[in-house]
Amino acid sequence: MFLFVFTQICTCLVGKEVSVFHSGSERFVLLELKIGDVNKDIYYRDKNGFSNNDYLTLGVDQLPLFGGRTAVQCYEDFMLSFSTKFEAYIGNVIEEISVGLGPSGELRYPAHPSGDGRWKFPGIGEFQCHDKYMMEDLMAVASQEGKPQWGGRDPPDTGCYNSFPSGVPFFEEGNDSFLSDYGRFFLEWYSGKLICHADAILAKAADVLRRRQEEEKSSVMLVAKIGGIYWWYKTSSHPAELTAGYYNTALRDGYDPVASVLSRHGAALHIPCLDMADSETPEKYLCSPEGLRRQIHDVSKKWTLHVTGRNTSERFDEMGLRQIRENCVQPNGDTLRSFTFCRMNEKIFRVENWNNFVPFIRQMSADM
């Protein structure tokens with residue numbers, strides 16, 4: 001079965017999330033806001049001290065800072081509340097449940113914060129591990145490795161949000177680069193925290209869903225989103241991916257451990273950039289959305305994952321819609337399980353856009 005989803009429909013549900021909370025979940029939201037006003041370290045923080053409250057830092061996943069409960073326990077409360085509230089729809093109306101794992105629901109660090117003007121494309125971004133809880137964890141892991149000197153900082157010479165990789169020592173191939181012993185240690189820790197977070201949250205989600213499906217004999221697919229970090233993909237270090245938490249370089253597959261965790265919990269992998277072609281990106285920024293998609297498709301096949309996806313840019317033009325269709329249905333017969341169209345709004349009903357969109361929907365339906 002092929003599902004076609006409009007994000008405007010999803011937004012309507014998300015906008016009413018508060019209505020599905022039970023009293024415990026409501027208390028968590030209020031408590032988080034109250035604690036966050038006093039303790040900014042429950043949120044991600046960059047090297048200049050700026051915090052990002054889109055998502056709680058991974059450093060508090062297992063710390064009982066929220067009325068005696070950990071962040072992971074509070075996330076589980078929400079999942080239980082959701083499954084109870086929408087019990088009648090799970091397995092018939094609701095066939096997929098996307099599990100939020102980070103900013104914008106994606107498994108990543110908020111390394112490229114465009115909303116407040118700190119970052120602009122195609123900047124490499126910055127590492128997001130300067131809250132006290134992440135730094136304490138880094139120091140503990142470094143001490144366990146017998147290298148306590150590695151625990152008091154993130155890598156030096158990593159540039160800033162809007163740097164290009166050339167001229168930034170850590171992302172080149174010198175002694176203190178991502179290829180050094182310290183560079184490998186830090187990147188394994190940084191990306192490893194993200195993998196452990198996905199493992200913990202998906203385990204809770206799968207358990208809640210398993211109990212529900214055993215009771216109701218219904219079938220629902222869990223879905224996990226990853227970010228589409230396609231700029232500087234053709235460099236050796238893949239710096240924009242590294243700062244986002246994907247330890248993916250020319251010498252290492254950073255998406256394989258992600259796919260492994262999803263496979264363990266029976267979750268599908270949701271990928272972006274289905275509307276993009278390398279030829280449409282600025283050549284000087286060494287972009288490759290096509291290369292990124294190929295790599296993710298390869299690891300998905302290795303781990304026998306279902307794949308879902310979406311377009312990254314708002315596309316109503318014929319070329320963009322054709323690109324989406326070609327990426328949803330591969331010549332070798334591989335087909336995405338579902339596709340989310342971003343974004344349904346008033347532009348879609350303009351004559352030229354509508355005349356492109358209607359045939360696109362008909363062709364997608366016929367292909368499926």
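Residues numbered from 1 in each chain as written. Predicted model: local features only at pLDDT ≥ 70, side-chain atom pairs only at ≥ 80, totals over all residues. Heavy atoms only, no water.

## Observations concerning the pattern of salt bridges
Part 1: Considering all chains together, one arrives at 19 salt bridges under this definition.
Part 2: A salt bridge links Asp-199 to Arg-264, with the shortest nitrogen-to-oxygen separation between them at 3.1 Å. One end of the pair, Asp-199, is in helix 5 (residues 181–216); the other, Arg-264, is in helix 7 (residues 256–264), with 65 residues separating them in the sequence.
Part 3: Exposure remark for Asp-199: the relative accessible area of 25% places this residue in the partly exposed category.
Part 4: Each of Asp-275, Glu-280, Arg-315 and Asp-317 takes part in a single network of salt bridges with overlapping partners. (Salt bridge = Lys/Arg side-chain N within 4 Å of Asp/Glu carboxyl O. Helix = DSSP H or I, 4+ residues; strand = E, 2+ residues; numbered from the N terminus. Buried < 20%, exposed > 50% of the residue type's maximum accessible area, 1.4 Å probe, protein only.)

## Regarding the pairing of strand 8 (residues 307–310)
Part 1: The two faces of strand 8 match: Val-307 and Gly-309 on one face and Thr-308 and Arg-310 on the other face are all buried.
Part 2: Here strand 7 (residues 267–271) runs beside strand 8; their pairing, made up of three bridges, is parallel. By the bridge assignment, His-270 is partnered in strand 8 with Thr-308.
Part 3: Across three bridges, the pairing between strand 8 and strand 9 (residues 338–341) is parallel. The partner of Gly-309 across the bridge, within strand 9, is Phe-339. (Pairing = 2+ DSSP bridges.)

## Topic: the side chain of Thr-281
Part 1: Inspection of the secondary structure assignment puts Thr-281 in the loop between strand 7 and helix 8 (289–302).
Part 2: Engagement of the side chain of Thr-281 in a polar contact is seen with the backbone oxygen of Asp-278, the distance being 2.7 Å.
Part 3: With residues up to four places along the chain from it excluded, the contact list for Thr-281 reads Tyr-230, Met-276, Cys-287 and Pro-289. (Polar contact = N/O pair within 3.5 Å; in protein donor to acceptor, adjacent residues only side chain to side chain. Contact = heavy atoms within 4.5 Å.)

## With respect to helix 9 (residues 318–328)
Part 1: Restricting attention to buried positions, one finds in helix 9 the residues Gly-320, Leu-321, Gln-323, Ile-324, Asn-327 and Cys-328. Looking straight down helix 9, one finds that the buried residues subtend no more than 155° of arc, so they occupy a single side. The exposed residues of helix 9 that point more than 90 degrees off its buried face are Glu-318 and Met-319.
Part 2: Tucked inside the fold, the buried residues of helix 9 contact helix 8, strand 9 and helix 10 (351–367). (Arc of directions from axis to C-beta.)

## A few points about the confidence of the model for the chain
Part 1: Summing up the model confidence of the chain, the mean pLDDT is 88 and the portion of residues at 70 or higher is 89%.
Part 2: The model gives residues 6–24 a pLDDT under 50, and that stretch makes 25 contacts with residues more than four places away or in other chains. (pLDDT = per-residue confidence, 0-100.)

## Digging into the pairing of strand 6 (residues 221–226)
Part 1: With five of six residues buried, strand 6 lies mostly within the body of the structure.
Part 2: Strand direction decides the pairing type here: strand 4 (residues 96–98) and strand 6, joined by three bridges, are parallel. In the sheet register, Ser-98 faces strand 6, and the bridge partner there is Val-223.

## Here we look at the environment of Leu-138
Part 1: Mapping Leu-138 onto the fold places it in helix 4 (residues 132–144).
Part 2: It is 8.9 Å that separates the C-alpha atoms of Leu-138 and Asp-154, two residues lying 16 residues apart in sequence.
Part 3: If sequence neighbours within four positions are ignored, Leu-138 has contacts with Trp-150, Gly-151, Arg-153, Phe-185, Phe-186 and Trp-189.

## Observations regarding the packing of aromatic side chains
Part 1: Enumeration according to the criterion identifies 34 aromatic pairs in this entry.
Part 2: Judged by centre distance (3.9 Å) and plane angle (10°), the ring pair of Tyr-109 and Tyr-190 falls under stacked. Of the two residues, Tyr-109 sits in the loop between strand 5 (106–107) and helix 4 while Tyr-190 sits in helix 5, which places them 81 residues apart along the sequence.
Part 3: Looking at Tyr-109, the relative accessible area reads 0%, which means it is buried.
Part 4: With a relative accessible area of 1%, Tyr-190 lands in the buried category.
Part 5: Between Phe-127 and Tyr-190 the ring centres are 5.1 Å apart and the planes differ by 90°, which places this aromatic pair in the edge-to-face class. Taken together, the residues span a long stretch of sequence, with Phe-127 in the loop between strand 5 and helix 4 and Tyr-190 in helix 5 at a distance of 63 residues. (Phe/Tyr/Trp six-rings, centres within 6.5 Å; stacked < 30°, edge-to-face > 60°.)

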